[in-house]
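Read off the chains here:
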Amino acid sequence: MNYNYNNNSYPQNSYQQYEQTNGLAEYSKRVFSWMFLGLGITFIIGFVMLMNADKVIFFLAENIALYYIAALVEVVAVFILGFFVGKLSPTACKAIFIIYSVVNGFTITPALIVYGAQSAFYAFAATALIFGAMTLYGMVTKRDLTKLGTVLFIGLIGLLIYSVIAMLFHMPMSDLIISIIGIVLFVGFTAYDTQKIKRYYMSFSGDEVSLQKTAIIAALDLYLDFINLFLYILRLFARNNN
(Lines give C-alpha, C1' and ligand atoms only; values in the text may rest on other atoms or scores of the structure.)
Protein backbone atom coordinates (compact mmCIF):
# COMPACT_ATOMS: atom_id res chain seq x y z
CA MET A 1 0.00 0.00 0.00
CA ASN A 2 1.42 3.36 -1.04
CA TYR A 3 1.02 6.56 1.00
CA ASN A 4 1.16 10.02 -0.48
CA TYR A 5 3.06 12.37 1.86
CA ASN A 6 2.65 15.42 -0.35
CA ASN A 7 1.17 18.31 1.65
CA ASN A 8 -1.17 19.01 -1.24
CA SER A 9 -2.97 15.76 -0.47
CA TYR A 10 -4.57 17.38 2.59
CA PRO A 11 -7.70 19.43 2.00
CA GLN A 12 -6.82 23.11 2.13
CA ASN A 13 -9.71 23.99 4.41
CA SER A 14 -8.62 21.31 6.92
CA TYR A 15 -5.08 22.67 6.95
CA GLN A 16 -6.33 26.23 7.40
CA GLN A 17 -8.61 25.11 10.21
CA TYR A 18 -5.68 23.40 11.92
CA GLU A 19 -3.52 26.52 11.58
CA GLN A 20 -6.34 28.71 12.88
CA THR A 21 -7.02 26.46 15.88
CA ASN A 22 -3.34 26.18 16.73
CA GLY A 23 -2.83 29.92 16.37
CA LEU A 24 -5.84 30.71 18.55
CA ALA A 25 -4.57 28.33 21.23
CA GLU A 26 -1.17 30.05 21.26
CA TYR A 27 -2.79 33.48 21.34
CA SER A 28 -5.10 32.46 24.21
CA LYS A 29 -2.10 31.11 26.10
CA ARG A 30 -0.38 34.46 25.66
CA VAL A 31 -3.42 36.34 26.96
CA PHE A 32 -3.83 34.19 30.06
CA SER A 33 -0.11 34.23 30.77
CA TRP A 34 -0.16 38.02 30.94
CA MET A 35 -3.35 38.01 33.00
CA PHE A 36 -1.86 35.56 35.54
CA LEU A 37 1.34 37.60 35.67
CA GLY A 38 -0.64 40.75 36.46
CA LEU A 39 -2.77 39.03 39.10
CA GLY A 40 0.31 37.43 40.64
CA ILE A 41 2.04 40.80 40.97
CA THR A 42 -1.06 42.46 42.42
CA PHE A 43 -1.92 39.84 45.00
CA ILE A 44 1.66 39.22 46.11
CA ILE A 45 2.01 42.95 46.82
CA GLY A 46 -1.43 43.11 48.41
CA PHE A 47 -0.97 40.15 50.73
CA VAL A 48 2.58 41.16 51.71
CA MET A 49 1.25 44.58 52.68
CA LEU A 50 -1.66 42.92 54.49
CA MET A 51 0.82 41.00 56.62
CA ASN A 52 2.28 44.36 57.60
CA ALA A 53 -1.07 46.06 58.15
CA ASP A 54 0.00 48.29 61.06
CA LYS A 55 2.85 49.82 59.10
CA VAL A 56 0.66 50.25 56.02
CA ILE A 57 -2.09 51.98 58.00
CA PHE A 58 0.43 54.35 59.54
CA PHE A 59 2.00 55.03 56.13
CA LEU A 60 -1.38 55.76 54.53
CA ALA A 61 -2.38 58.03 57.40
CA GLU A 62 0.78 60.07 56.84
CA ASN A 63 0.69 59.92 53.02
CA ILE A 64 -2.96 59.74 52.02
CA ALA A 65 -2.27 61.90 48.96
CA LEU A 66 -0.03 59.14 47.63
CA TYR A 67 -2.99 56.74 47.63
CA TYR A 68 -5.08 59.10 45.51
CA ILE A 69 -2.17 59.62 43.13
CA ALA A 70 -1.88 55.85 42.75
CA ALA A 71 -5.61 55.60 42.00
CA LEU A 72 -5.21 58.34 39.38
CA VAL A 73 -2.29 56.48 37.81
CA GLU A 74 -4.55 53.43 37.42
CA VAL A 75 -7.24 55.46 35.65
CA VAL A 76 -4.67 57.03 33.33
CA ALA A 77 -3.10 53.65 32.52
CA VAL A 78 -6.45 52.10 31.59
CA PHE A 79 -7.37 55.20 29.55
CA ILE A 80 -4.10 55.07 27.60
CA LEU A 81 -4.40 51.36 26.84
CA GLY A 82 -8.06 51.73 25.93
CA PHE A 83 -7.83 54.74 23.61
CA PHE A 84 -4.21 54.99 22.40
CA VAL A 85 -3.18 51.37 22.03
CA GLY A 86 -2.90 51.82 18.27
CA LYS A 87 -0.10 54.36 18.75
CA LEU A 88 1.77 52.34 21.37
CA SER A 89 4.42 49.70 20.80
CA PRO A 90 3.89 46.19 22.21
CA THR A 91 6.67 46.89 24.73
CA ALA A 92 4.93 50.05 25.94
CA CYS A 93 1.63 48.15 26.32
CA LYS A 94 3.35 45.48 28.40
CA ALA A 95 5.10 48.07 30.57
CA ILE A 96 1.84 49.94 31.26
CA PHE A 97 0.09 46.69 32.15
CA ILE A 98 2.83 45.73 34.63
CA ILE A 99 2.83 49.21 36.16
CA TYR A 100 -0.95 48.99 36.57
CA SER A 101 -0.63 45.60 38.26
CA VAL A 102 1.96 46.94 40.71
CA VAL A 103 -0.03 50.06 41.57
CA ASN A 104 -3.26 48.08 41.98
CA GLY A 105 -1.52 45.85 44.50
CA PHE A 106 -1.08 48.99 46.58
CA THR A 107 -4.58 50.41 46.07
CA ILE A 108 -6.47 47.21 46.99
CA THR A 109 -4.52 46.83 50.23
CA PRO A 110 -6.88 49.02 52.32
CA ALA A 111 -9.79 46.75 51.31
CA LEU A 112 -7.79 43.69 52.34
CA ILE A 113 -6.98 45.27 55.68
CA VAL A 114 -10.55 46.39 56.36
CA TYR A 115 -12.10 43.02 55.54
CA GLY A 116 -9.32 40.89 57.05
CA ALA A 117 -6.96 38.15 55.91
CA GLN A 118 -9.40 35.27 56.41
CA SER A 119 -12.18 36.87 54.36
CA ALA A 120 -9.64 37.84 51.69
CA PHE A 121 -8.34 34.27 51.43
CA TYR A 122 -11.82 32.73 51.14
CA ALA A 123 -12.89 35.40 48.67
CA PHE A 124 -9.80 34.74 46.53
CA ALA A 125 -10.50 31.00 46.48
CA ALA A 126 -14.16 31.52 45.57
CA THR A 127 -13.22 34.04 42.88
CA ALA A 128 -10.69 31.65 41.33
CA LEU A 129 -13.30 28.87 41.11
CA ILE A 130 -16.03 31.08 39.63
CA PHE A 131 -13.64 32.84 37.28
CA GLY A 132 -12.23 29.53 36.06
CA ALA A 133 -15.71 28.15 35.37
CA MET A 134 -16.79 31.24 33.43
CA THR A 135 -13.61 31.44 31.35
CA LEU A 136 -14.13 27.79 30.42
CA TYR A 137 -17.72 28.57 29.46
CA GLY A 138 -16.60 31.57 27.42
CA MET A 139 -14.11 29.44 25.50
CA VAL A 140 -16.33 26.45 24.71
CA THR A 141 -19.80 27.94 24.28
CA LYS A 142 -21.19 28.16 20.75
CA ARG A 143 -23.49 30.98 21.79
CA ASP A 144 -22.52 34.44 20.52
CA LEU A 145 -22.08 36.65 23.60
CA THR A 146 -21.49 39.87 21.66
CA LYS A 147 -24.84 41.41 22.56
CA LEU A 148 -24.25 40.55 26.21
CA GLY A 149 -21.58 43.24 26.35
CA THR A 150 -24.13 46.05 25.91
CA VAL A 151 -26.41 44.60 28.59
CA LEU A 152 -23.52 44.24 31.02
CA PHE A 153 -22.27 47.77 30.38
CA ILE A 154 -25.74 49.23 31.00
CA GLY A 155 -25.98 47.11 34.15
CA LEU A 156 -22.61 48.42 35.34
CA ILE A 157 -23.68 52.04 34.82
CA GLY A 158 -26.89 51.32 36.72
CA LEU A 159 -24.91 49.74 39.56
CA LEU A 160 -22.65 52.79 39.83
CA ILE A 161 -25.65 55.12 39.95
CA TYR A 162 -27.37 52.97 42.57
CA SER A 163 -24.17 52.85 44.63
CA VAL A 164 -23.96 56.64 44.72
CA ILE A 165 -27.64 57.00 45.66
CA ALA A 166 -27.34 54.31 48.34
CA MET A 167 -24.30 56.05 49.82
CA LEU A 168 -26.02 59.45 49.91
CA PHE A 169 -29.29 58.24 51.41
CA HIS A 170 -27.99 55.34 53.55
CA MET A 171 -30.41 52.87 51.97
CA PRO A 172 -30.98 49.64 53.95
CA MET A 173 -29.63 46.38 52.51
CA SER A 174 -27.83 48.36 49.82
CA ASP A 175 -24.47 46.76 50.57
CA LEU A 176 -25.89 43.26 50.05
CA ILE A 177 -27.69 44.28 46.85
CA ILE A 178 -24.60 45.98 45.44
CA SER A 179 -22.44 42.96 46.19
CA ILE A 180 -24.81 40.48 44.55
CA ILE A 181 -25.39 42.61 41.45
CA GLY A 182 -21.66 43.26 41.14
CA ILE A 183 -20.89 39.54 41.29
CA VAL A 184 -23.52 38.75 38.65
CA LEU A 185 -22.22 41.48 36.34
CA PHE A 186 -18.58 40.43 36.49
CA VAL A 187 -19.44 36.77 36.14
CA GLY A 188 -21.05 37.81 32.85
CA PHE A 189 -18.13 40.06 31.90
CA THR A 190 -15.72 37.16 32.45
CA ALA A 191 -17.49 34.93 29.92
CA TYR A 192 -17.93 37.85 27.50
CA ASP A 193 -14.29 38.95 27.65
CA THR A 194 -13.05 35.37 27.32
CA GLN A 195 -15.01 34.91 24.09
CA LYS A 196 -13.63 38.26 22.92
CA ILE A 197 -10.17 36.66 22.77
CA LYS A 198 -11.28 34.70 19.71
CA ARG A 199 -12.65 37.84 18.06
CA TYR A 200 -9.35 39.65 18.63
CA TYR A 201 -7.43 36.77 17.08
CA MET A 202 -9.72 36.48 14.06
CA SER A 203 -9.55 40.24 13.47
CA PHE A 204 -5.75 40.55 13.65
CA SER A 205 -4.55 37.09 12.58
CA GLY A 206 -1.33 37.50 10.61
CA ASP A 207 -0.48 40.87 12.17
CA GLU A 208 1.94 39.92 14.96
CA VAL A 209 2.33 43.46 16.31
CA SER A 210 -1.42 43.92 16.67
CA LEU A 211 -1.77 40.46 18.20
CA GLN A 212 0.82 41.33 20.85
CA LYS A 213 -1.01 44.54 21.73
CA THR A 214 -4.50 43.06 21.73
CA ALA A 215 -3.23 40.22 23.92
CA ILE A 216 -2.39 42.84 26.56
CA ILE A 217 -5.81 44.47 26.15
CA ALA A 218 -7.55 41.10 26.50
CA ALA A 219 -5.39 40.26 29.53
CA LEU A 220 -6.29 43.60 31.13
CA ASP A 221 -10.01 42.98 30.54
CA LEU A 222 -9.84 39.59 32.26
CA TYR A 223 -7.57 40.95 34.99
CA LEU A 224 -10.14 43.66 35.80
CA ASP A 225 -12.94 41.09 35.75
CA PHE A 226 -11.07 38.98 38.31
CA ILE A 227 -10.20 41.93 40.56
CA ASN A 228 -13.74 43.34 40.56
CA LEU A 229 -15.29 39.92 41.09
CA PHE A 230 -12.89 39.36 43.99
CA LEU A 231 -13.73 42.70 45.61
CA TYR A 232 -17.50 42.13 45.41
CA ILE A 233 -17.17 38.59 46.77
CA LEU A 234 -14.88 39.89 49.53
CA ARG A 235 -17.48 42.52 50.38
CA LEU A 236 -20.19 39.85 50.55
CA PHE A 237 -18.09 37.47 52.66
CA ALA A 238 -17.12 40.20 55.09
CA ARG A 239 -20.76 41.26 55.45
CA ASN A 240 -21.79 37.69 56.32
CA ASN A 241 -18.94 37.39 58.82
CA ASN A 242 -19.92 40.64 60.47
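Our structure's up above, just so we're on the same page.
This write-up is about the structure you can find in this document. Predicted model only: the values in this text are computed from it and were never measured.

Before going further, it helps to spend a moment on unusual backbone geometry. With a phi angle near 50°, His170 is a residue other than glycine that sits in the positive phi range. If you trace the backbone, His170 turns up in the loop between α7 (146–169) and α8 (174–204). You can call His170 exposed: its relative accessible area is 68%. The backbone of Met173 shows a phi angle near 65°, a positive value even though the residue is not glycine.

On to a nonpolar patch on the surface, then. On the surface, a cluster of nonpolar side chains totalling about 1,100 Å² of accessible area is made up of Phe153, Ile154, Ile157, Leu160, Ile161, Val164, Ile165, Met167, Leu168, Phe169 and Met171. Looking at the element boundaries, Phe169 is found in helix α7. According to the relative accessible area criterion, Phe169 is exposed, its value standing at 63%.

Moving on to the packing of aromatic side chains. Two measures describe an aromatic ring pair: the distance that separates the ring centres and the angle between the ring planes. Inspection of the entire model under this criterion finds 19 aromatic pairs. When the centroid spacing of 5.8 Å and the interplanar angle of 75° are considered together, the rings of Tyr100 and Tyr223 count as edge-to-face. With Tyr100 in helix α4 (residues 90–107) and Tyr223 in helix α9 (residues 208–241), this pair connects stretches of sequence that are 123 residues apart. Judged by its relative accessible area of 0%, Tyr223 falls in the buried class. Summarising the aromatic geometry, the rings of Phe124 and Phe230 are spaced 6.5 Å apart at their centres and angled 70° between planes, so their arrangement reads as edge-to-face. Separated by 106 residues along the polypeptide, Phe124 in helix α6 (residues 117–140) and Phe230 in helix α9 bring together distant segments of the chain. Residue classification places Phe124 among the partly exposed positions, given a relative accessible area of 31%. These aromatic residues form a ring-pair network of at least three members: Phe43, Phe47, Phe124, Phe131, Phe226 and Phe230.

The subject of this paragraph is the nonpolar core. Tyr27, Val31, Met35 and Tyr223 are the most contacted members of the largest nonpolar core, which has 62 residues in total. It is α9 that contributes the most residues to this core, 17 residues altogether. Among residues more than four places away in sequence, those in contact with Val31 are Ile197, Ala215, Ala218, Ala219 and Leu222.

The relative placement of two packed helices comes down to the angle between their axes together with the axis-to-axis distance. α8 packs onto α7 with a crossing angle of 155° between their chain directions and a minimal axis gap of 9 Å. Here α7 is positioned roughly antiparallel relative to α8, judged by the angle of their axes. Crossing geometry of α7 relative to α8 is assigned as left-handed. Contacts between α7 and α8 involve Thr146, Leu148, Gly149, Leu152, Phe153, Gly155, Leu156, Leu159, Tyr162, Ser163 and Ala166 from the first element and Ser174, Ile177, Ile178, Ile181, Gly182, Leu185, Phe186, Gly188, Phe189, Tyr192, Gln195 and Arg199 from the second.

Over its 24 residues, α6 runs 35 Å from end to end, which matches the ideal 34 Å to within 8%, given 1.5 Å per residue. Listing the buried residues of α6 in full gives Ser119, Ala120, Ala123, Ala126, Thr127, Phe131, Thr135 and Gly138.

A few words now on the packing of α6 against α8. Running from N to C, α6 and α8 point in directions that differ by 40°, and their axes come no closer than 7 Å. Comparing the axis directions of α6 and α8 gives the class oblique. In this structure, α6 crosses over α8, and the sense of that crossing is right-handed. In contact with Ile130, Phe131, Met134, Thr135, Tyr137, Gly138 and Met139 of α6, α8 contributes Val187, Thr190, Ala191, Thr194 and Gln195. Along the lines of polarity and charge, the residues of the contact of α6 with α8 split into seven nonpolar, five polar and no charged.

Quick notes on the rules
- Residues numbered from 1 in each chain as written.
- Predicted model: local features only at pLDDT ≥ 70, side-chain atom pairs only at ≥ 80, totals over all residues.
- Heavy atoms only, no water.
- Helix = DSSP H or I, 4+ residues; strand = E, 2+ residues; numbered from the N terminus.
- Buried < 20%, exposed > 50% of the residue type's maximum accessible area, 1.4 Å probe, protein only.
- Patch = residues over 30% accessible without salt bridge, like charges linked within 9 Å, V, L, I, M, F, W, Y side chains within 5 Å.
- Areas by Shrake-Rupley, 256 points an atom, 1.4 Å probe, with all protein chains shown as cover.
- Salt bridge = Lys/Arg side-chain N within 4 Å of Asp/Glu carboxyl O.
- Phe/Tyr/Trp six-rings, centres within 6.5 Å; stacked < 30°, edge-to-face > 60°.
- Core = buried A, V, L, I, M, F, W, Y, C linked by side-chain atoms within 4.5 Å.
- Contact = heavy atoms within 4.5 Å.
- Axes fitted to C-alpha atoms, helices over the stretch in contact; angles between N-to-C directions.
- Parallel < 35°, antiparallel > 145°, perpendicular 65-115°, else oblique.
- Left-handed = near helix turned anticlockwise from the far one by under 90°.
- Expected span 1.5 Å × (residues − 1).
- Nonpolar A, V, L, I, M, F, W, Y, C, P; charged D, E, K, R; others polar.

Taken by themselves, the reported measurements are silent on function.
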